[in-house]
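Understanding the architecture of this molecule
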Amino acid sequence: MFICSVKMSRRKLILIGAAILLAILIAVGASFAGRSAPDYAGGDNAARAAFLSSFGWTGSEEPVEEAEVAIPAEFTDVYKGYNALQQSQGFDLTPYKGETVLRYTYNISNYEGQPDMQAHILVYDGRIIGGDLCSPQLDGVMCGFSGEPWSS
């Protein structure tokens, strides 16, 4: 058996503890730095139009619908699936559980094979926090802003 003892002043012990805590905080911060959600302005129509245009979509000049939507405090399986779509495009609705957000709906005219495609953009505090493209038909398609069909 091997025993080692170290005699240290209280000041040195506090400094070492603070250094270890700082190193842990830096490591945790660095792990989250690469995973930040996209930050898009969405407070006005021009910003939302520019957002859609950045993905190559041609949308109606004005939204065809503006609605308040309550993000549930607890996600059902349906909402978990919808949030998986959001996460696949870099968004996450989890921080908005229990909040009311604005949903802007635009008609999309250049989605190939779907003449009635719509874009839903979710906005909270003037920032775009998620959304989707979908066709309103019963057997329609839903996808992220990239336009690639998505299934849960």
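What comes next is a walk through the structure. Predicted, not measured: the structure shown is a model, and the values here were computed from it.

With that settled, consider the pairing of strand β4 (residues 118-124). Counting buried residues in β4 gives 6 out of 7 residues, a clear majority hidden from the surface. Sheet topology places strand β3 (residues 100-107) next to β4; 6 bridges connect them, and they run antiparallel. Bridge assignment links Asn107 to a residue of β4, and that residue is Gln118. Two strands pair when backbone bridges link them, and β4 and strand β5 (residues 127-134) are joined in this way by 7 bridges, in the antiparallel orientation. Within β5, the position partnered with Ile121 by the bridge is Gly131. The turn joining β4 and β5, which pair antiparallel and follow one another in sequence, is formed by 2 residues; a positive phi near 55° is taken by Asp125.

With that out of the way, let us pick up unusual backbone geometry. In this model, Asp125 sits at a positive phi of 55°, which is unusual for a non-glycine residue. By the element assignment, Asp125 lies in the loop between β4 and β5.

Moving on, we come to the nonpolar core. Soluble globular proteins tend to pack their nonpolar side chains together in the buried interior. Within the largest apolar cluster, 17 residues are counted, with the highest numbers of intra-cluster contacts made by Leu52, Ile108, Tyr111, Ile121 and Leu133. Sorting the residues of this core by element identifies α2 (45-54), β3, β4 and β5 as the ones contributing at least two each. Sort the elements by how many residues they give to this core and β4 lands first, with 3 residues. Sequence-distant contacts of Ile121, defined by excluding residues within four places in its chain, comprise Arg48, Phe51, Leu52, Leu102, Arg103, Tyr104, Tyr106, Ile128, Gly130, Gly131 and Phe145. With 10 residues, the next largest nonpolar core counts Phe75, Tyr79, Leu85 and Val101 among its residues.

Looking now at the environment of Leu133. Mapped onto the elements, Leu133 comes out in strand β5. Along the chain, Leu133 and Tyr111 lie 22 residues apart, while their C-alpha atoms are 9.4 Å from each other. Discounting chain neighbours no more than four positions away, the residues touching Leu133 are Trp57, Ile108, Tyr111, Met117, Gln118, Ala119, Val141, Met142, Cys143, Gly144, Phe145 and Gly147.

Procedures and definitions
Residues numbered from 1 in each chain as written. Predicted model: local features only at pLDDT ≥ 70, side-chain atom pairs only at ≥ 80, totals over all residues. Heavy atoms only, no water. Buried < 20%, exposed > 50% of the residue type's maximum accessible area, 1.4 Å probe, protein only. Helix = DSSP H or I, 4+ residues; strand = E, 2+ residues; numbered from the N terminus. Pairing = 2+ DSSP bridges. Core = buried A, V, L, I, M, F, W, Y, C linked by side-chain atoms within 4.5 Å. Contact = heavy atoms within 4.5 Å.

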